[in-house]
Amino acid sequence: MPPRQRLDPAERRAQLLAVAAELFAAHPYDDVLMEGVAERAGVSRALLYQHFPSKRDLFAVLYQQVAGELLARSRFDPSDTLVEQLAEGLDAHIEYFVENRNTVLAANRVLAGDRLIQTIMNDELDALRERLLGVLPLADDDARKAVSGVLKSWLVFVQVLCVDWLTEETCSRTELRDVCIGAVLGAIRPLLDEDPAPDWPR
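All figures in this text were calculated on a predicted structure; none of them were measured in a lab.

(A) Region of interest: the overall build of the protein. When its secondary structure is counted, the protein shows nine helices and zero strands. In terms of its C-alpha atoms, the protein occupies a principal-axis envelope of roughly 65 × 35 × 30 Å. A total of about 10800 Å² of accessible surface is found on the protein, and carbon and sulfur atoms cover 51% of it. Distance from the positive charge centre (22 side chains) to the negative charge centre (33 side chains) of the protein: 7 Å.

(B) The nonpolar core, seen in detail. Ranked by size, the top nonpolar core spans 64 residues in total, and within it Phe24, Leu58, Phe59, Leu151 and Trp154 carry the most contacts. Apart from the residues within four sequence positions on either side, Leu151 is in contact with Arg129, Leu132, Leu133, Leu136, Val184 and Ile188.

(C) Up close: a negative patch on the surface. Together, Asp140, Asp141, Asp142, Asp193 and Glu194 give the surface a local cluster of negative charge. By the element assignment, Asp141 lies in helix H8 (residues 141-167).

(D) Fine view of the packing of helix H1 (residues 9-26) against helix H2 (residues 34-41). Interhelical geometry of H1 versus H2 gives an angle of 120° and a closest axis separation of 9 Å. One way to sum up the angle between H1 and H2 is to call them oblique. When you trace H1 past H2, the crossing you get is right-handed. Between H1 and H2, the contacting residues are Arg12, Gln15, Leu16, Val19, Glu22 and Leu23 on the first element and Gly36, Val37, Arg40 and Ala41 on the second. Residues of the contact of H1 with H2, tallied by class, amount to five nonpolar, two polar and three charged.

(E) The packing of aromatic side chains, seen in detail. Here the structure, examined in full by the defined rule, presents four aromatic pairs. Relative to Phe59, the ring of Tyr29 has its centre 5.5 Å away and its plane inclined at 90°; by these criteria the two rings are edge-to-face. Of this pair, Tyr29 sits in the loop between H1 and H2 while Phe59 is found in helix H4 (residues 55-72), placing the two residues 30 residues apart along the sequence. With relative accessibility at 9%, the residue Tyr29 sits in the buried group. Its relative accessible area of 0% is what places Phe59 among the buried residues. Aromatic side chains Phe59 and Tyr63 sit 5.7 Å apart centroid to centroid with 15° between the ring planes, which places their arrangement in the stacked category. Of the two residues, Phe59 and Tyr63 both sit in helix H4, four residues apart, roughly one turn of that helix. Aromatic rings pair up to connect Phe24, Tyr29, Phe59 and Tyr63 into one cluster. Of note, Lys55 hangs over the ring of Tyr29, and the distance from its end group to the ring centre comes to 4.2 Å.

Cut-offs used in this document
- Residues numbered from 1 in each chain as written.
- Predicted model: local features only at pLDDT ≥ 70, side-chain atom pairs only at ≥ 80, totals over all residues.
- Heavy atoms only, no water.
- Helix = DSSP H or I, 4+ residues; strand = E, 2+ residues; numbered from the N terminus.
- Areas by Shrake-Rupley, 256 points an atom, 1.4 Å probe, with all protein chains shown as cover.
- Lys, Arg positive; Asp, Glu negative; His and termini not counted.
- Charge placed at Lys NZ, Arg CZ, Asp CG, Glu CD.
- Core = buried A, V, L, I, M, F, W, Y, C linked by side-chain atoms within 4.5 Å.
- Buried < 20%, exposed > 50% of the residue type's maximum accessible area, 1.4 Å probe, protein only.
- Contact = heavy atoms within 4.5 Å.
- Patch = residues over 30% accessible without salt bridge, like charges linked within 9 Å, V, L, I, M, F, W, Y side chains within 5 Å.
- Salt bridge = Lys/Arg side-chain N within 4 Å of Asp/Glu carboxyl O.
- Axes fitted to C-alpha atoms, helices over the stretch in contact; angles between N-to-C directions.
- Parallel < 35°, antiparallel > 145°, perpendicular 65-115°, else oblique.
- Left-handed = near helix turned anticlockwise from the far one by under 90°.
- Nonpolar A, V, L, I, M, F, W, Y, C, P; charged D, E, K, R; others polar.
- Phe/Tyr/Trp six-rings, centres within 6.5 Å; stacked < 30°, edge-to-face > 60°.
- Lys NZ or Arg CZ within 6 Å of the ring centre and 35° of its normal.

In C-alpha cells, the structure reads:
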C-alpha cells in the first residue's frame, strides 16, 4: 500500500471516487472489490467504509457524478441548429459509453433493478428532455405535452440502443448517432407546425 496522504474529508472523498471511476471503468462490476479500491487509494478499508458503506453506495455516488458531468457536456446552445445540438449531446454520451463501457453496463445491466441507480438515470433523462423542450418550436401547451411524451420514449430508446451497441458494435459511432437523430426528428415532426430540422432528410 502506498504511503497515505493527509487529505481533508472532501479531498479524500474525491480521491476515492476518482480511484473507483478508474476501477469500475476497467473491470466488470462484480470484479471490483472495496478492498481493491482501498488498496489503490492507499487507505484502510475502514476509512473507505467511513465514506461509502458499500460498493453499491460507492457506485451510486460515482454514477450521480457521471450523470452531472454528462449533463454539463450536453448544454444546448440556442445559436446552433437542433441537429447540431442533438449531435453534440449524443457524441458526448456515446464517447463516455465507449470509454467507460464497464461502468455503463454495470448501471444498465448489473444494477438494472436498483432503485437508486434507476432514479439517477431517470433524473438525467428528465433533465435532457426539459432542455430539448426548451429549444423546440412548440406552439402551445398541447404541443409541449405531446412532444414531451415522445421525447421521454425516445430517450429510453437511445439509452437501450447505445447499451446494446456496446455489447455488439453493429454500426459505426456516427451511424449510431445519426440513427438516434433520425428517430427523434421523424417522431416529433408530425407534432410541430414548424420543421425543426429542414435540412435533415425526411
